[in-house]
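Residue strings, one per chain:
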Number of protein chains: 4
Amino acid sequence: MAATEEKRRQILDAAVRVFARTGYHDSRVGDIAKDAGVAYGLVYHYFESKDAVLEAVFREAWGRLLAAINEVERSQQPAPEQLRLVTKIVLRTWRDDPDLVRLLVREITRSPHLQREIDEIAEAFAALERIVAHGQREGTIRATLDARLAAWMLYGALEEILTGWVLGQLRDTPDDVAAAERAVAETLIAGFLS
Amino acid sequence: MAATEEKRRQILDAAVRVFARTGYHDSRVGDIAKDAGVAYGLVYHYFESKDAVLEAVFREAWGRLLAAINEVERSQQPAPEQLRLVTKIVLRTWRDDPDLVRLLVREITRSPHLQREIDEIAEAFAALERIVAHGQREGTIRATLDARLAAWMLYGALEEILTGWVLGQLRDTPDDVAAAERAVAETLIAGFLS
Amino acid sequence: MAATEEKRRQILDAAVRVFARTGYHDSRVGDIAKDAGVAYGLVYHYFESKDAVLEAVFREAWGRLLAAINEVERSQQPAPEQLRLVTKIVLRTWRDDPDLVRLLVREITRSPHLQREIDEIAEAFAALERIVAHGQREGTIRATLDARLAAWMLYGALEEILTGWVLGQLRDTPDDVAAAERAVAETLIAGFLS
Amino acid sequence: MAATEEKRRQILDAAVRVFARTGYHDSRVGDIAKDAGVAYGLVYHYFESKDAVLEAVFREAWGRLLAAINEVERSQQPAPEQLRLVTKIVLRTWRDDPDLVRLLVREITRSPHLQREIDEIAEAFAALERIVAHGQREGTIRATLDARLAAWMLYGALEEILTGWVLGQLRDTPDDVAAAERAVAETLIAGFLS
DNA sequence: GATGAATGAGATTTCATTCAT
DNA sequence: AATGAATGAAATCTCATTCAT
């Protein structure tokens, strides 16, 4: 069973690399198998379909993000600080797992059935929204702001920064990353404040 | 000649509808031809490939957006006001041409060769950046802000709002659209101010 | 009408060049039109189909060869000398019209309906056979030889030499050409003698 | 593994039949698959492309011919006798594998990249040439003859006889075949002698 | 669990031919 | 006669999925 899980893991990790490199549609199932060092058919032993592989990758990635956001949410800090922490978490993903970011940035809006329907994605957005709403109740965030809209704008800004890094259009040295975190905090999040 | 251009137009318009409905990859060239009311082969008379059709659509759409942004840029207003106008232009596209927005939102980062490489897209981003930089020179925008980063954040927020509308996750009545414009102005753009 | 025939000529000449360069199947009708400097549709004004163009080229080429052979046949010389003259005529085509030879060598046995069914081709072979038979009657050629077989062997040897030149596998300076003529005369034709 | 090679064999054999019947260009890959009794895609499992199938057929056929010629070459007989044996081998192919001959005769000069570039073909011609050269050294063949030219003439004559049989223009009863062998020996090869 | 040969539907693209002007 | 846009059938090739071992 441990061995079993290991193969599944290998396939999943390979999928991230392959999808990141070639894009979902231009990646063949065989590429994933080869990159994972397993037999062609084994992919179908662990996953229903190629699509299911992508979904599993997404689910896992967003699951981790969701867990991190949830932890932030449970912390006793004021909402603006929580948003800064989320910003940091999201942006640091680029350093921690660039292939995953490449994949998310490229395929997030694709694949009809995946479209944000994955529970984990919806949950993450909901969590962001709750943090904003909580800030409004505690008086740190402007009450007139539409919490959901704020959550989406924040996420959009973050994703676009990641996109800039993926495309090589924005600089991404550690200093640049830190600067980006500050920029989000000092402009967007600052704009939320009451 | 007029007739010639007319067919090309029909194909391009049909492509927007079809791609918006089914997504680029799941659309067949035959669908475009049928929707345009022309023969299969005519698509290939006017375009090199299916990909070239998508690129032509993009180029045209971003060309229009770029023209609008350029006009705003040439206006004699202060930078923050210009950014508000751009916001308005981008967000109003949803009402004016929802299929086009659906297409842009879904396929924009896809298609390896299209990726931001299209001159028009790069130009639009550059124009946004210039407006921010100009605001810094005229003293209306915080000098410490990274102009490029600001441009990307702004665009990211706008695109994410459009995405929310496309996915039916954000409300989009005229009032909601106006509220979104205000929200961007009062939070993100306000955060740029000095 | 002169102008008319001129266009037909242009198309036919262009066809030889294009077919020689690209081969029949890989040549497009548009290529011929462009090379001839006429409009696409005009090809179909003068010829029933792409295939008919090839047939016309063949018919003309073999018609010329046939005329030359017939002239040789009518000359009052002994059969072996006549065969030597035919050899000379066939092999000199390479210098005179290399594109035509390229085309003949590449496409002669292909194209199902053309297969030696063209009267001119059959006629040329028949003329060769008659020369051999005549030689047998006049006593210059071995009576035990199968005249038809001899005609085919001779033509085969000639075509293969042309093929060697087309493929660049046999040398083709004027001296080489003369040597080839001699070789055919001194081996094959000499082998026919009684 | 045996089963694997079996399918490949089936496809190759079917290809010979189908190409012989319809000609390369008018044969569809599906026809080959159907004739071989395998699924469409399997052809592409074993071969890169339709062209690669043809090349494999050629390579194999010429490989066999080459092996036979090489064996003749290694025999200790005088060159003229060796040439007679080669003649016999080539002409007997018509009886042994008429489909293969049909294919070779029709498509040999086709396909730009195949043109005599296939090593096996070049090798076969080279072997013929070596036999002639060897005959010149041993004094059985005229020293003034161009060995390469002689090899090409011989092969041309043989191929044309095969062509005559394929096209039904030359008679091909066993007696006719034997007569053809003799004709080649007594005219062409005899012409080589010193 | 693991393998990879086998399947076959489906999509893009080509291009000979037609036809309105 | 001349033009070239328009048509649409057909063919190659791809690749997700299945399945026998």
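Everything quoted here is computed from the prediction, not taken from an experiment. (Residues numbered from 1 in each chain as written. Chains lettered and ligands numbered in written order. Predicted model: local features only at pLDDT ≥ 70, side-chain atom pairs only at ≥ 80, totals over all residues. Heavy atoms only, no water.)

Draft legend 1. Quick peek at the interface of chain A and chain B. Chain A puts 36 residues into the contact, and the matching count from chain B is 36 residues. When chain A packs against chain B, the two sides together hide about 3200 Å² of surface, and 66% of this comes from carbon and sulfur. The interface formed by chain A and chain B holds two salt bridges in total. The partner of Glu-186 of chain B in a salt bridge is Arg-142 of chain A, and the shortest N-O contact between them spans 3.9 Å. Scanning the region where chain A abuts chain B turns up three residue pairs in polar contact (both at pLDDT 80 or more). Those elements giving two or more residues to the side of chain A that touches chain B turn out to be α6 (98–107), α8 (147–166) and α9 (174–192) of chain A. Tallied by class, residues from the side of chain A that touches chain B come to 18 nonpolar, nine polar and nine charged. (Contact = heavy atoms within 4.5 Å. Buried area = accessible area lost by both parts, 1.4 Å probe. Salt bridge = Lys/Arg side-chain N within 4 Å of Asp/Glu carboxyl O. Polar contact = N/O pair within 3.5 Å; in protein donor to acceptor, adjacent residues only side chain to side chain. Helix = DSSP H or I, 4+ residues; strand = E, 2+ residues; numbered from the N terminus. Nonpolar A, V, L, I, M, F, W, Y, C, P; charged D, E, K, R; others polar.)

Draft legend 2. Examining the protein's contact with DNA strand E more closely. The immediate surroundings of DNA strand E are formed by 32 residues, with Tyr-46 of chain A, Tyr-40 and Tyr-44 of chain B, Tyr-44 of chain C together with Tyr-46 of chain D found nearest. Within the backbone of Gly-41 of chain A, an N or O atom sits 2.9 Å from a base nitrogen of DNA strand E. The contact in question runs from a phosphate oxygen of DNA strand E to an N or O atom on the backbone of Ala-39 of chain D, over 2.9 Å. Looking at the surface near DNA strand E, the elements that each hand over two or more residues are α1 (2–22) and α3 (42–46) of chain A, α3 (40–46) of chain B, α3 (40–46) of chain C together with α1 (2–22) and α3 (40–46) of chain D. With five residues, α3 of chain D is the single largest residue contributor to the surface near DNA strand E. (Near = heavy atom within 4 Å.)

Draft legend 3. Structural view of the relation of the copies chain D and chain C. Once chain D has been moved 0.0 Å along the axis and rotated by 180°, it coincides with chain C to within an RMSD of 0.1 Å. Overall, the copies show the geometry of a two-fold rotation axis. Both copies share a contact surface, since 95% of the interface residues of chain D are interface residues in chain C too. (Least-squares fit on C-alpha atoms with pLDDT ≥ 70 in both.)

Draft legend 4. Region of the structure containing the interface of chain D and chain C. With 37 residues of chain D at the interface, the matching set in chain C holds 35 residues. For the chain D and chain C pair, buried surface summed over both sides reaches about 3200 Å², with 66% attributable to carbon and sulfur atoms. For the pair chain D and chain C, the number of links is two salt bridges. At the junction of chain D with chain C, the criterion picks out five residue pairs in polar contact (both at pLDDT 80 or more).

Draft legend 5. Seen up close, the protein's contact with DNA strand F. Of all residues adjacent to DNA strand F, which total 31 residues, the nearest are Tyr-44 of chain A, Tyr-46 of chain B, His-45 of chain C together with Tyr-40 and Tyr-44 of chain D. At 2.9 Å, a side-chain N or O of Tyr-46 of chain C approaches a phosphate oxygen of DNA strand F. Take Ser-27 of chain D: an N or O atom from its main chain is 3.3 Å from a phosphate oxygen of DNA strand F. Contributions of two or more residues to the surface near DNA strand F are made by α1 (2–22) and α3 of chain B, α1 (2–22) and α3 of chain C together with α3 of chain D. In terms of residue class, the surface near DNA strand F is built from 15 nonpolar, ten polar and six charged.

Draft legend 6. Representation of the packing of aromatic side chains within the structure. The final tally for this structure, using the stated rule, is 19 aromatic pairs over all chains. Measuring from ring centre to ring centre gives 4.6 Å for Phe-125 of chain D and Trp-152 of chain D, while their planes differ by 55°; the resulting arrangement is tilted. With a gap of 27 residues between them, Phe-125 of chain D in helix α7 (residues 119–138) and Trp-152 of chain D in helix α8 (residues 147–166) connect regions that are remote in the sequence. Neither residue differs from the other here; Phe-125 of chain D and Trp-152 of chain D are each classed as buried. Linked through ring pairs, Trp-62, Phe-125, Trp-152 and Tyr-155 of chain A together constitute an aromatic cluster. (Phe/Tyr/Trp six-rings, centres within 6.5 Å; stacked < 30°, edge-to-face > 60°. Buried < 20%, exposed > 50% of the residue type's maximum accessible area, 1.4 Å probe, protein only.)

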